[in-house]
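Topology and contacts: notes
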Amino acid sequence: MAELAIAGALVASYVIGSFPTSYVVCRTVKGIDLREHGSRNLGATNLFRVLGWRFAAPVGLIDMAKGFIPTAFIGPAVSDSVLVALLCGVAAVLGHMFSPWVGFRGGKGVATGAGIFVALAPLAVLAAFALWAVLVFLTGYVSLGSIVGAAVLPFLTLWLYPGQPTVLWMEVALAAMIIWMHRANVGRLLKGTENRFGKRAPQTGGES
């Protein structure tokens, strides 16, 4: 029965993560498919380009909650294991990245992934977010901030939460997945063709 409960929690977490927040908001507000505009990515950054901060900010918070709720509540409801809580969070990230409601497309998992570790290592996430904000402010590249923030989060956790090896290694795996999802952005950064933050609705390119 415990295994069945855990399986149900993982499925529920995936479903929560799969809700295509930015797609629904864009359809409702403007009647357009976000996958056909801006960077064609279903993340809050692209929604900002198309609709602005008024909609992108709450969508980003909702996407973060999609990772936080499974980790903080759904996993612990079925098991005392931190690993189960983490796996529920990862299931939500996978749902966000590969949503069945929009052709198994989605965002790149940065906000939803951050939600996992807000539940488990909040100070590390706060420090990584501060670094993200500084990089975006200095360079204008959300993708660069996201990649660096994901890469340094495990090191921040090792420093601030040394007694949580399970969280640390899950962060390493999730960081690798997020960086992989940004591989096209890395290519554009190297070529100098990546879009800078603040540009609204360009037709190609993208960040996160």
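On a predicted model such as this, the values are computed, not experimentally measured, just so you know. (Residues numbered from 1 in each chain as written. Predicted model: local features only at pLDDT ≥ 70, side-chain atom pairs only at ≥ 80, totals over all residues. Heavy atoms only, no water.)

Here we look at the layout of surface pockets
- Its boundaries defined by the atoms lining it, the largest pocket holds a volume of some 800 Å³.
- If you go around the largest pocket, you meet 36 residues; those closest to its centre are Met 64, Val 110, Ala 111, Phe 129 and Trp 132.
- For the lining of the largest pocket, the secondary-structure elements that each account for two or more residues are α3 (44-51), α4 (53-78), α6 (110-120), α7 (122-139), α8 (142-160) and α9 (165-181).
- A volume near 250 Å³ is recorded for the second largest pocket.
- Together, 16 residues line the second largest pocket, and Asn 41, Gly 106, Lys 108, Met 181 and Arg 183 are the ones closest to its centre. (1 Å grid on protein atoms, 1.4 Å probe; cavity = no way out; pocket = protein on both sides within 12 Å on 5 of 7 lines; lining within 4 Å. Points joined across faces, edges and corners; volume = space filled by probe spheres on them. Helix = DSSP H or I, 4+ residues; strand = E, 2+ residues; numbered from the N terminus.)

A word on empty space enclosed by the protein
- Summed over the entire model, instances satisfying the criterion amount to one cavity of 30 Å³ or more.
- Taken as a whole, the largest cavity spans an internal volume of roughly 40 Å³.
- Broken down by secondary-structure element, the contributors of at least two residues to the lining of the largest cavity are α2 (21-30) and α4.
- For the lining of the largest cavity, a count of residues per class yields three nonpolar, five polar and two charged. (Nonpolar A, V, L, I, M, F, W, Y, C, P; charged D, E, K, R; others polar.)

Observations regarding the packing of aromatic side chains
- Counted under the stated rule, the structure contains three aromatic pairs.
- When the ring centre of Trp 180 is taken as reference, the NZ or CZ atom of Arg 183 above it lies at 4.1 Å. (Phe/Tyr/Trp six-rings, centres within 6.5 Å; stacked < 30°, edge-to-face > 60°. Lys NZ or Arg CZ within 6 Å of the ring centre and 35° of its normal.)

Observations regarding the pattern of salt bridges
- Scanning all chains against the criterion turns up three salt bridges.
- Notably, a salt bridge pairs Arg 35 with Asp 33, separated by 2.8 Å at the nearest N-O pair.
- Taking the relative accessible area as the measure of exposure, Arg 35 reaches 19% and is therefore buried.
- On the basis of relative accessibility, which here comes to 7%, the residue Asp 33 falls in the buried class.
- Linking Arg 188 and Glu 194 is a salt bridge whose minimum nitrogen-to-oxygen distance equals 2.9 Å. (Salt bridge = Lys/Arg side-chain N within 4 Å of Asp/Glu carboxyl O. Buried < 20%, exposed > 50% of the residue type's maximum accessible area, 1.4 Å probe, protein only.)

Some points on the nonpolar core
- Ranked by internal contacts, the top residues of the largest apolar core, which has 22 residues, are Leu 86, Ile 116, Phe 117, Ala 124, Leu 153 and Leu 174.
- Residue assignment for this core shows that the elements contributing at least two residues are α5 (82-97), α6, α7, α8 and α9.
- Not counting the four nearest positions on each side in its chain, Leu 174 is found in contact with Val 93, Gly 113, Ile 116 and Phe 117.
- Residues Tyr 23, Leu 42, Val 50 and Phe 55 belong to the second largest nonpolar core, which totals twelve residues. (Core = buried A, V, L, I, M, F, W, Y, C linked by side-chain atoms within 4.5 Å. Contact = heavy atoms within 4.5 Å.)

Concerning the packing of α8 against α9
- Running from N to C, α8 and α9 point in directions that differ by 170°, and their axes come no closer than 9 Å. With respect to their mutual orientation, α8 and α9 come out roughly antiparallel. Each of Ile 147, Ala 150, Ala 151, Leu 153, Pro 154, Thr 157 and Leu 158 in α8 lies in contact with α9, whose residues at this interface are Val 167, Leu 168, Glu 171, Val 172, Ala 175, Ile 178 and Ile 179.
- In terms of residue class, the contact of α8 with α9 is built from twelve nonpolar, one polar and one charged. (Axes fitted to C-alpha atoms, helices over the stretch in contact; angles between N-to-C directions. Parallel < 35°, antiparallel > 145°, perpendicular 65-115°, else oblique.)

Topic: unusual backbone geometry
- Non-glycine residue Phe 104 carries a positive phi angle of around 55°.
- Its place among the elements puts Phe 104 in the loop between α5 and α6.

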